[in-house]
Amino acid sequence: RSETDDAYARSLAEDQRKEEQRAAEDAEAAREQVIRDRREAARQLLAATPEATGPTAKRVRVRLPEGQPLARTFSYLDPISLVRSFVDASGRAPDNFDLVYVGPPMRTLDDDDAPLSSLGPGPVALMVTDLDA
């Protein structure tokens, strides 16, 4: 009888381990799908938003964590969220990131609704920081 109980306990533990592994795999797949959907929405938003020209144009350069640069011209009235979408749509940014204004003063850009004009006159330099690193 003890051998039967031990075998049942082992089988139950193995089944629980497999179920936990399946749940973790499902959660990771869902997280990856959310990221793919977010990046696709960012690509569509950028496709519908032409680069700015003329007196409202503001050049933005973004340095990714591995050192690669991204650059685009936005309107100085565009929100910082559009720059975040630009970085996300590149597919080269970390899954979870912040934008950091290189300054002076250096600071994390927390207000995605703020216009690029809030970063002062002239071109803007930003860095991407990986929040999961």
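Here we summarise the structure given alongside this text. (Residues numbered from 1 in each chain as written. Predicted model: local features only at pLDDT ≥ 70, side-chain atom pairs only at ≥ 80, totals over all residues. Heavy atoms only, no water.)

1. Concerning the overall build of the protein chain
When its secondary structure is counted, the protein chain shows two helices and five strands. Along the protein chain, helices and strands appear, N-terminal first, in the series α-β-β-α-β-β-β. Radius of gyration (C-alpha) of the protein chain: 23 Å, far over the 14 Å computed for a compact globule of 133 residues. For the protein chain, the spread of C-alpha atoms along the three principal axes comes to 85 × 30 × 25 Å. Across the 133 residues in the protein chain, those meeting the buried criterion constitute 29%. Across the protein chain, the fraction of contacts at a sequence separation of at least 24, relative to all contacts at a separation of at least 6, is 58%. As displayed, the protein chain offers around 8,400 Å² of accessible surface, 53% of which is attributable to carbon and sulfur atoms. (Helix = DSSP H or I, 4+ residues; strand = E, 2+ residues; numbered from the N terminus. Rg over C-alpha atoms; globule rule 2.2 N^0.38 Å. Buried < 20%, exposed > 50% of the residue type's maximum accessible area, 1.4 Å probe, protein only. Contact = heavy atoms within 4.5 Å. Areas by Shrake-Rupley, 256 points an atom, 1.4 Å probe, with all protein chains shown as cover.)

2. Brief notes about the packing of aromatic side chains
Taken as a whole, this structure holds one aromatic pair when the rule is applied. When the centroid spacing of 5.8 Å and the interplanar angle of 80° are considered together, the rings of F74 and F86 count as edge-to-face. Remark: F86 occurs in helix α2 (residues 80-89) and F74 occurs in strand β2 (residues 69-75); sequence separation between them is twelve residues. Across the pair, exposure class does not vary: F74 and F86 are buried alike. Lying across the ring of F74, R72 places its NZ or CZ 5.2 Å from the centre. (Phe/Tyr/Trp six-rings, centres within 6.5 Å; stacked < 30°, edge-to-face > 60°. Lys NZ or Arg CZ within 6 Å of the ring centre and 35° of its normal.)

3. Considerations on the pairing of strand β3 (residues 97-101)
Within β3, four of the five residues are buried, leaving the element largely enclosed by the surrounding structure. Taken together, the five bridges between β3 and strand β5 (residues 124-130) define a ladder with antiparallel strand orientation. Following the sheet pairing, D98 is matched in β5 by T129. Note: β3 against strand β4 (residues 107-108), two bridges, orientation antiparallel. Its bridge partner lying in β4, Y101 is registered against R107. (Pairing = 2+ DSSP bridges.)

4. Overview of the nonpolar core
Soluble globular proteins: nonpolar side chains tend toward being buried together. Core analysis: the biggest nonpolar cluster contains 24 residues, and V60, V62, V83, V87, L99 and L126 have the highest contact counts within it. Counting only elements with at least two residues in this core, the list comes to α1 (2-47), β1 (57-63), β2, α2, β3 and β5. With six residues, α2 is the single largest residue contributor to this core. (Core = buried A, V, L, I, M, F, W, Y, C linked by side-chain atoms within 4.5 Å.)

5. Observations concerning the side chain of R39
Mapped onto the fold, R39 is located in helix α1. In terms of polar contacts, R39 uses its side chain to reach the side chain of D88, at 3.2 Å. Setting aside residues no more than four positions away along its own chain, R39 makes contact with D88, A89, G91, A93, P94 and D95. (Polar contact = N/O pair within 3.5 Å; in protein donor to acceptor, adjacent residues only side chain to side chain.)

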